[in-house]
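# Chains, contacts and geometry: an overview
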Amino acid sequence: AIFLVNLPLVAVALTLSLMRLPRDPAERRGRGFDWRGAVLLAVVLASAAYVAQQAGRGFTPTLAAALAGVLLTGGVLLWVERRQAHPVLDPAFFASRTFSAANAGIALANLAMYCTLLVVPQYLAATGHDSATIGFSLIPLSLSMVLFAPWGGRLSDKVGRRWPVAMGVGLQTVGALAVLRSEEHTSEL
């Protein structure tokens, strides 16, 4: 429910964007937005999130049906996008090893970050901390992202992207391992 506060903000942003941003010239030539691909991609991502959520409860017929739905919808998405002149998700990009590796790295780094943002509050709550303490403990996590993201971007412009990304993922791994080992009863979660 805490994420519902975003709905009015998104509605205002979309309305202002539609009113103020210039139209893409390609759109005027009849090359519109790939709505079918966007809807299918949203269904695949939402279904995959549901499968990930249900997977923690063990393998059930509901999980099997949801997983089959993700695979079926994903197949339909690929079929539709391969036939689209300007797809929302171009499957041909994934033929590039560099593109695929970069996306896998981004996905894993985001997974680690969001798992940390989920597990740390749960851990602190399970160890008896109050809501205010839990909220304040998340400030350094968010603040570090705000402060270091621009610095990382400038560094990657100067020295290339490989070393800053490797350093960032390495530091993230060290931090996650430190959180993991911080208490012996972490497994109680």
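Residues numbered from 1 in each chain as written. Predicted model: local features only at pLDDT ≥ 70, side-chain atom pairs only at ≥ 80, totals over all residues. Heavy atoms only, no water.

### Thoughts on the overall build of the protein chain
Stated precisely, the cut-off is as follows: Counting from the N terminus, the helices are DSSP H or I runs at least four residues long and the strands are E runs at least two residues long. Here the term buried applies to any residue with accessible area under 20% of the maximum for its type, exposed to any over 50%, and partly exposed to those in between, with areas from a 1.4 Å probe on protein chains only. Any two residues whose heavy atoms approach within 4.5 Å at even a single point are treated as in contact. Working definition of accessibility: Shrake-Rupley area with a 1.4 Å probe, residue cover restricted to the visible protein chains.
Secondary structure summary: the protein chain contains 7 helices and 0 strands in total. For the protein chain, the α and β elements follow one another from N to C terminus as α-α-α-α-α-α-α. Considering the protein chain as a whole, with its 189 residues, one finds that 15% of them fall into the buried category. Contacts in the protein chain between residues far apart in sequence, at least 24 positions, make up 56% of those at least 6 positions apart. Carbon and sulfur atoms form 69% of the exposed surface of the protein chain, whose accessible area is close to 14,500 Å².

### Side note on the environment of G32
Relative to the assigned elements, G32 resides in the loop between α2 (25-28) and α3 (35-55). For the pair G32 and A85, spaced 53 residues apart in sequence, the C-alpha separation works out to 10.0 Å.

### Brief notes about the packing of aromatic side chains
Counted only if it meets this: Two rings from Phe, Tyr or Trp (for Trp, the six-membered ring) form a pair when their centres sit within 6.5 Å of each other. Planes less than 30 degrees apart are called stacked, planes more than 60 degrees apart edge-to-face, and all others tilted.
Here the structure, examined in full by the defined rule, presents 4 aromatic pairs. Judged by centre distance (4.8 Å) and plane angle (70 degrees), the ring pair of F33 and W35 falls under edge-to-face. Under the relative-accessibility criterion, W35 is labelled exposed at 62%. When the centroid spacing of 5.1 Å and the interplanar angle of 75 degrees are considered together, the rings of F94 and F99 count as edge-to-face.

### Re the layout of surface pockets
Space left empty within the atom packing is revealed by a probe, the size of a water molecule, rolled over the atoms. Defined as follows: Definitions used throughout: a 1 Å grid over protein atoms alone; a cavity as a set of points that fits a 1.4 Å probe which cannot get out; a pocket as an open set with protein on both sides within 12 Å along at least five of seven lines; a lining residue as one with an atom within 4 Å of a point. Grid points are joined across faces, edges and corners, and a volume is the space filled by probe spheres set on the points. By the convention adopted, Pro, Cys, Tyr, Trp, Phe, Met, Ile, Leu, Val and Ala count as nonpolar, Lys, Arg, Asp and Glu as charged, and the other residues, Gly among them, as polar.
Roughly 1,400 Å³ of internal volume is contained in the largest pocket. Contributing to the lining of the largest pocket are 34 residues, with A109, M145, G168, V169 and Q172 lying nearest its centre. Of all the secondary structure elements, the ones that give two or more residues to the lining of the largest pocket are α5 (97-126), α6 (131-159) and α7 (162-180). Tallied by class, residues from the lining of the largest pocket come to 22 nonpolar, 10 polar and 2 charged. Estimates place the volume of the second largest pocket at around 540 Å³. Taken together, 16 residues line the second largest pocket, and the ones lying closest to its centre are L41, L45, A48, N103 and A107. Where the lining of the second largest pocket is concerned, the elements lending two or more residues are α3, α4 (61-82) and α5. Broken down by class, the residue content of the lining of the second largest pocket amounts to 13 nonpolar, 3 polar and no charged.

### Examining the nonpolar core
Heads up, the rule is: The definition of a nonpolar core used throughout is a set of buried Ala, Val, Leu, Ile, Met, Phe, Trp, Tyr and Cys residues joined through side-chain atoms within 4.5 Å.
Of all hydrophobic cores here, the largest spans 5 residues; its members are V120, Y123, L124, I134 and L138. If you list the elements that add at least two residues to this core, you get α5 and α6. The element contributing the most residues to this core is α5, with 3 residues. Apart from the residues lying within four places of it in its own chain, the contact partners of L124 are H129, I134 and S137.

### A word on the environment of L78
Tracing the sequence through the fold places L78 in helix α4. For the pair L78 and L89, spaced 11 residues apart in sequence, the C-alpha to C-alpha distance is 8.5 Å.

### Description of the confidence of the model for the protein chain
As a reminder of what qualifies: pLDDT is defined as a per-residue confidence score from the predictor, taking values between 0 and 100.
Scored by pLDDT, the protein chain comes out at a mean of 83, with 90% of its residues at no less than 70. Mean pLDDT across the elements of the protein chain bottoms out in α2 (57) and peaks in α4 (92).

### Let's talk about the packing of α3 against α4
Keep this limit in mind: For every element, the axis is a line fit to its C-alpha atoms; helices are fit only across the contacting stretch, and the angle between N-to-C directions ranges from 0 to 180 degrees. Geometric relationships in this document are graded by angle, where less than 35 degrees denotes roughly parallel, more than 145 denotes roughly antiparallel, 65 to 115 denotes roughly perpendicular, and other angles denote oblique. Take the far helix as your reference; a near helix turned counterclockwise from it by less than a right angle gives a left-handed crossing, and one turned clockwise gives a right-handed crossing.
For the pair α3 and α4, interaxial distance at closest approach is 9 Å and the crossing angle is 155 degrees. Relative to α4, the element α3 lies roughly antiparallel. For the crossing formed where α3 meets α4, the hand is left-handed. Contacts from R36, G37, L40, L41, V43, V44, S47, A48, Y50, V51, Q54 and A55 of α3 reach α4 at T62, L63, A66, L67, V70, T73, G74, V76, L77, V80 and E81. Looking at the contact of α3 with α4 residue by residue, the class counts come to 15 nonpolar, 6 polar and 2 charged.

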